[in-house]
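# Observations on chain architecture
Here is what each chain is made of, one letter per residue.
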Amino acid sequence: MYCFVTGASGFIGANLVHELTARGHRVKALVRPGTDLRGLAGTTYDSVPGDLSERQVLQKAMIGCDWCFHVAASYHLWQKNYSTMYAANVEGTRNVLEAAAAAGCKRIVYTSTVGCIGLPSSINCRVVPSDESCPTSESQMSNHYKRSKWQAEQVALDLARGGLPVVIVNPSAPIGPRDVKPTPTGKVIVDFLNRAMPAYLDTGLNWVHVRDVAIGHLLAAEKGRIGERYILGNTEGNWTMKEAFAMLQEMTGIPAPNVRIPYFVALAAAHVDESLSLLTGKPPKAPLAGVRMARYKMFFNPTKAIHELGLPQTPPREALGDAVEWFRQNRFVRR
C-alpha cells in the first residue's frame, strides 16, 4: 500500500513508518520544516513539507495513497494560549480526514487517545480497567489537551457516520525506542535513570510497547471496522507508578523512589508553579493538567483490539527494557 502519515517524526508516527516500510509499504510523510527527524533514521519515505492547516496541500499530497494515518497532534499540558492546540487537533483533524477522503484513500486511521475513554471504575477498592464502551462526555475532559482530542474524535466519528472510511485508535501509554523528545511517559523513565525522581504520585498507567501501538495502527487499516474505536494497550500493562519503578529498579539496580507525594500537596505545588509560569512565560515543571490526570489510575482493557485486530501483546517488562536500552544508547542518560 501507499500510505500517507502525519506526525511521522513523532514517537508513535516514527515507529509506524518503520513498521510500514518493514512490511513493504511505501510511505509519504507530512513533515514540518525544522522538525527533528532522528526517529525516522534508518527508514525510507517520501517527505512532504506542510502543515495540518494546509488543506489543499494535504489533498494534493494524498492523491494516489491507499491509506492515511493521521497521527499528528499538538500535545501540551500547559500553554499561555491554547487556541493553536485546538486549531491543530480539531480543525487539523477535519482537514486531514476530509482531504484523505477527497483524494480517494480507502482507509483512514485517526490516532486519538485513551484520555477520550471513560475513566476506570472502582469496585471494592479495586480499579476496574475501562474499555471502549465506558461512557464519558466532554465535561469529563479535565484539561485543554484532552478536550481538544475529544472534539477531534467527535469530528472523526461524525465523518465516519457520514460515510468516510475512518477507524479510530486510542493508544494508552507507549514506551520503547525512538522517543526523541521524549514524551512525558518517556521522561519518567529518563528521570529515573538519571536519579532525578526522588518521589512519586500514587497513580497508574497502561504501559504498552510502542511497536505494538504502531502495528495496531496497521492492523486497524487492514481489519478495523469503520466508525469503531480500538484501545491500543496491554492486558498486563496496568501498573501503578510504584510497580513500574520497582520493575525499573530490578532491571537497572537504581533505587526506586520510596517517598509518595500526597495528591493535595502536588496540586498545591502545581497551582504555585503555574502562577509563576504566567509571569515568566516559561512552562511549569508540574502542570496542573498533569497533576489532575494523575489523580486517577489510567487502567484500560484492550481486549477488543486483541480479538478484532490481533493486537500484539509484548510483555510490558520487555517494553520497559527496550525503552531503557534506547535511552542509554542515545545519550539521554548521564554517565
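Residues numbered from 1 in each chain as written. Predicted model: local features only at pLDDT ≥ 70, side-chain atom pairs only at ≥ 80, totals over all residues. Heavy atoms only, no water.

### Points about the pattern of salt bridges
Tallying each qualifying case throughout the model produces 16 salt bridges. Close ionic contact of Asp 66 with Lys 106 constitutes a salt bridge, the shortest N to O distance being 3.1 Å. Remark: Lys 106 occurs in the loop between helix 3 (83-103) and strand 5 (107-111) and Asp 66 occurs in the loop between helix 2 (55-62) and strand 4 (67-70); sequence separation between them is 40 residues. Take Asp 66: its relative accessible area is 17%, and that puts it in the buried class. A salt bridge links Asp 202 to Lys 297; the shortest N-O distance between them is 3.4 Å. One end of the pair, Asp 202, is in the loop between strand 10 (199-201) and strand 11 (204-209); the other, Lys 297, is in the loop between helix 9 (288-293) and helix 10 (303-309), and 95 residues separate them in sequence. Residue Asp 202 is classed as partly exposed on the basis of its relative accessible area, which comes to 37%. In the salt-bridge network here, residues are joined through shared partners; they are Arg 55, Glu 91, Arg 94 and Glu 98. (Salt bridge = Lys/Arg side-chain N within 4 Å of Asp/Glu carboxyl O. Helix = DSSP H or I, 4+ residues; strand = E, 2+ residues; numbered from the N terminus. Buried < 20%, exposed > 50% of the residue type's maximum accessible area, 1.4 Å probe, protein only.)

### Things to note about the pairing of strand 12 (residues 229-232)
Of the two faces of strand 12, the one holding Arg 229 and Ile 231 and the one holding Tyr 230 and Leu 232 are both buried throughout. Here four bridges tie strand 8 (residues 166-171) to strand 12, and the two strands are oriented parallel to one another. Looking at strand 12, one finds that Val 169 is bridged to Tyr 230. (Pairing = 2+ DSSP bridges.)

### Observations concerning unusual backbone geometry
Generally, phi is negative for residues other than glycine and the peptide bonds are trans, each holding for most cases. In the segment running from Lys 181 into Pro 182, the intervening peptide bond is cis, with an omega of -5 degrees. With respect to the helices, strands and loops of the structure, Pro 182 is situated in the loop between strand 9 (173-175) and helix 5 (184-193). The backbone of Arg 178 sits at a positive phi, close to 70 degrees, despite the residue not being glycine. The topology assignment puts Arg 178 in the loop between strand 9 and helix 5. Of note in the backbone geometry, Arg 195 takes a positive phi value of approximately 55 degrees without being a glycine. Mapped onto the fold, Arg 195 is located in the loop between helix 5 and strand 10. Arg 195 gets classed as exposed once you look at its relative accessible area, which sits at 61%.

### Things to note about helix 3
The end-to-end C-alpha separation of helix 3 is 28 Å, in line with the 30 Å expected for 21 residues at 1.5 Å each. The largest bend in helix 3 is about 35 degrees, located at Gly 92. For helix 3, the set of buried residues is Met 85, Tyr 86, Asn 89, Val 90, Gly 92, Thr 93, Asn 95, Val 96, Leu 97, Ala 99, Ala 100 and Ala 103. Tucked into the core, helix 3 has its buried residues touching strand 1 (2-6), helix 2, strand 4, strand 5, helix 4 (144-161) and strand 8. Looking one or two residues beyond helix 3, the residue adopting positive phi is Gly 104, at roughly 95 degrees. (Expected span 1.5 Å × (residues − 1). Bend = angle between axes of the 7 residues up to and from the residue. Contact = heavy atoms within 4.5 Å.)

### Focus: empty space enclosed by the protein
For the coordinates displayed, the defined rule picks out one cavity of 30 Å³ or more. The computed volume of the largest cavity comes to approximately 30 Å³. Taken together, the residues of the lining of the largest cavity sort by class into three nonpolar, four polar and one charged. (1 Å grid on protein atoms, 1.4 Å probe; cavity = no way out; pocket = protein on both sides within 12 Å on 5 of 7 lines; lining within 4 Å. Points joined across faces, edges and corners; volume = space filled by probe spheres on them. Nonpolar A, V, L, I, M, F, W, Y, C, P; charged D, E, K, R; others polar.)

### Observations concerning the sheet that holds strand 13 (residues 238-240)
One open sheet accounts for three strands, arranged 9-11-13; its pairing is mixed. The sheet is open, and its two borders are formed by strand 9 and strand 13, each paired with just one other strand. Going across the sheet, the axis of each strand differs from the next one's by a mean of 45 degrees, ignoring polarity. By the bridge criterion, three bridges tie strand 11 to strand 13 in an arrangement that is antiparallel. Paired with Gly 204 across the strands is Thr 240, a residue of strand 13. In the packing of helix 11 (residues 316-329) onto the sheet, contacts are made with strand 9, strand 11 and strand 13, and the angle to strand 11 comes to roughly 75 degrees. (Axes fitted to C-alpha atoms, helices over the stretch in contact; angles between N-to-C directions.)

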